[in-house]
Amino acid sequence: MIHSIYSNKDAFLRELVSNASDALDKLRLEAYRDKDLSVDTDDLHIDLVVDKQARTLTVRDNGIGMTRDDVVRLIGTIAKSGTAEFLRQAREAQDAAGAQDLIGQFGVGFYASFMVADKVTLLTRYAGEAEGTRWESSGEGTYTIEPVADAPQGTSVVLHLKAADAEEQMPDYTEAWKLREVVKRYSDFITHPIRMEVDKPGAGEDEPKTEVQTLNSMKALWARPASEVGEEEYAEFYRHIANDWAEPLKTVQMSAEGTFEYQALLFIPSHAPLDLFMRDANRGIQLYVKRVFIMDDCESLIPEYLRFVKGVVDAADLSLNVSRETLQQDRQIQLIRRRLVKKVLATVKELRGQDAEKYKTFWSEFGKAVKEGLVQDADNRDAILEICSFDSTLDPEQQTSLRGYVERMKDGQQHIYYMTGDNRAVIENSPHLEAFRAKGYEVLVLTDPIDEMWVDAVPEFDGKKFQSIAKGQVDLDEAKDEQKQEQFKDFLGWMSEALKDTVKEVRLSSRLTTSPACVVGDADDLAPNLEKMYRAMGH
Ligand code: ADP
Ligand code: MG
């Protein structure tokens, strides 16, 4: 259910609350701009009113309201392209179930009401006008509209609810607990209070039997300046959205104003989820549009190699109707994604400098996933390399950064040398290492399967090429010993002939010091591990 929010009937309430919240925002702004407008903005709020007998649910706001023209233009006709598209397809859909699915796929704003109601009555009065408007429809293309003399300020939408039916997945929206749950889930961070009158259990004889409750916390944590929010508040929020008991390793707060306005609150967890390396595992960024929850696991916002990052992005100018498909093409989302990636990488780099222990935790939990980025994300390759750590021959107890490696490079050393293999012991015992040891050159010891991939994809770090010590001619001595070549010519010829079925070529090597011979791959051959992998796959 979490993943298909639009096929969820609960979404109607989110749409109506969202419209009400917009109307309250507009009224506040309008009253601010037009001092002559005589409206009451002291108690802007949203009411949910239930009538169990009549089976109605009313969503009421004291916001800006609509003129008669507005109602005709915005509600009465299907001016909005998303809604028009929806209705076109709904008409083509054979049966009611088909139409129901369609409503599910589009977020159709106000018309989502008809997922749960067979009749909707809207009563509204535009701020500053005397007369109001009543509109009523059963959602089948026709409506009635009439003037009303004494409408209260704002808008109320009365839903004549369909019968609750577990089979039809029609919940009972006259139940206070259900409404509270839906509001908590989708609209908790709406900045206006969402109120409801509820029974007061255990009320005394002469006490009122009901009380008015505010259902939402009204706190958009991500919109508040980081300096105002305590670590513990962030941690609570993290636990809530990540379903984790632990504290986050690092909290990242971002915001941008101007053309693309958004806020983001991201968390790097302190441990990897069990499904980090499972296909189809969820990626954890939630998308909000102006405080309104749009979707969980918005994969368009974060690349696969940072799939462990949790958090919320709240974009100001997106439509609530966005679908996962349209999001992928959305320029604003792409821009936000680029910024999130850069910010996360920069944060880890900073962490490395400031808190070695935390960085170590980060790398041991997520390093394998991050290295996938070296293959997937060429644009950020340098930033990713900066946060990587590798085993090396320098110290078996400690990993090194590439920076550290480069700083320790010997005079005359051109490349960053590495060797890939199943485990450290295999690499340590390899004859390929001998000459490098003898010269005091450090060699990176790469034992993760992903290492085979990125070493081919990444050309260099800090102007130094990555060079496998097990591949091709690794020239440690620049001067070629022609005399030796001549001296061993016959021997090499004989040996090449004798081994012609198993090796391509036999040549003199300067890389061995104690072993008499070793087998090397061609510069463009597959690494032995990859070769093994492909063979196992039947290539
Ligand atoms: P959207 O919110 O994406 O524009 P909707 O179908 O939800 O689409 O609403 C259409 C329009 O109707 C809104 O843009 C708004 O102008 C108007 N509207 C809907 N509900 C209200 C309301 N409670 N108060 C004032 N205007 C409203
Ligand atoms: Mg809307």
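The rules behind the values
Residues numbered from 1 in each chain as written. Chains lettered and ligands numbered in written order. Predicted model: local features only at pLDDT ≥ 70, side-chain atom pairs only at ≥ 80, totals over all residues. UniProt positions renumbered as here; feature names shortened; annotations may be inferred. Axes fitted to C-alpha atoms, helices over the stretch in contact; angles between N-to-C directions. Helix = DSSP H or I, 4+ residues; strand = E, 2+ residues; numbered from the N terminus. Parallel < 35°, antiparallel > 145°, perpendicular 65-115°, else oblique. Left-handed = near helix turned anticlockwise from the far one by under 90°. Contact = placed C-beta atoms within 7 Å. Nonpolar A, V, L, I, M, F, W, Y, C, P; charged D, E, K, R; others polar. Buried ≥ 20, exposed ≤ 12 C-beta atoms within 10 Å, placed from the backbone. Near = placed C-beta within 6 Å. Pairing = 2+ DSSP bridges.

Taking an unreviewed UniProt entry as the reference, the chain is identified by name as Chaperone protein HtpG belonging to Actinokineospora bangkokensis. Note on the chain: under the UniProt heading Subcellular location (unreviewed entry), the record states "Cytoplasm". Quoted straight from UniProt, the Sequence similarities (unreviewed entry) entry for the chain says "Belongs to the heat shock protein 90 family."

Novice: Is there a simple way to explain the packing of helix α8 (residues 331-354) against helix α9 (residues 356-376) in this structure?
Specialist: Two elements in contact, α8 and α9, have axes whose closest approach is 6 Å; the angle formed by their N-to-C orientations is 135 degrees. As judged from the angle between their axes, α8 and α9 are oblique. Handedness of the α8/α9 crossing: left-handed. Between α8 and α9, the residues in contact are Val348, Leu351 and Arg352 and Lys358, Tyr359 and Phe362, respectively. Tallied by class, the residues present in the contact of α8 with α9 amount to 4 nonpolar, no polar and 2 charged.

Novice: Quick question: what am I supposed to make of unusual backbone geometry here?
Specialist: When glycine is set aside, most residues are seen to have a negative phi, and most peptide bonds are trans. At Arg55, a residue that is not glycine, the phi angle is positive and equals roughly 50 degrees. Turning to its location among the elements, Arg55 is positioned in the loop between β1 (46-51) and β2 (56-61). Of note in the backbone geometry, Asp462 takes a positive phi value of approximately 55 degrees without being a glycine. In this structure Asp462 comes out as partly exposed when scored by C-beta crowding, with 14 C-beta atoms within 10 Å.

Novice: Before we go on, may I ask you to explain the site of ligand 1 in this structure?
Specialist: As a structural note, the neighbourhood of ligand 1 is formed by 16 residues, with Asn19, Ala23, Gly109, Phe110 and Thr155 the closest of them. Listing elements by their share of the shell around ligand 1, those giving two or more residues are α1 (11-33) and α2 (68-76). Examining the composition of the shell around ligand 1, we find that 4 residues originate from one element, α1, more than from any other. Looking at the shell around ligand 1, its residues break down into 8 nonpolar, 5 polar and 3 charged.

Novice: Would you explain the environment of Val148 in this entry?
Specialist: With respect to the secondary-structure elements, Val148 resides in strand β5 (residues 143-148). Taking C-alpha positions, Val148 is 4.8 Å from Gly132, a pair spaced 16 residues apart along the chain. Setting aside residues no more than four positions away along its own chain, Val148 makes contact with Leu123, Glu131, Gly132, Thr133 and Arg134.

Novice: Before we go on, may I ask you to explain the pairing of β5 in this structure?
Specialist: Working note: regular strand, side chains alternate between the two faces of the sheet. Counting buried positions along β5 yields 0 of 6 residues, so the element is predominantly exposed. What sits between the antiparallel neighbours strand β4 (residues 132-137) and β5 is a turn of 5 residues, in which Gly139 has the positive phi angle 75 degrees.

Novice: Just checking my understanding: could you explain the packing of α1 against helix α5 (residues 176-187) for this structure?
Specialist: Geometry of a packed helix pair, given as the angle between the helix axes and the separation of the axes. Following both chains from N to C, one finds α1 and α5 inclined at 65 degrees, their axes separated by 10 Å at the closest point. Judged by the angle between their axes, α1 and α5 are roughly perpendicular. The two elements α1 and α5 cross, and the hand of that crossing is right-handed. When α1 is examined against α5, the residues Leu13, Arg14 and Val17 are found in contact with a partner set consisting of Val182, Tyr186 and Ser187. Residues that form the contact of α1 with α5 fall into these classes: 4 nonpolar, 1 polar and 1 charged.

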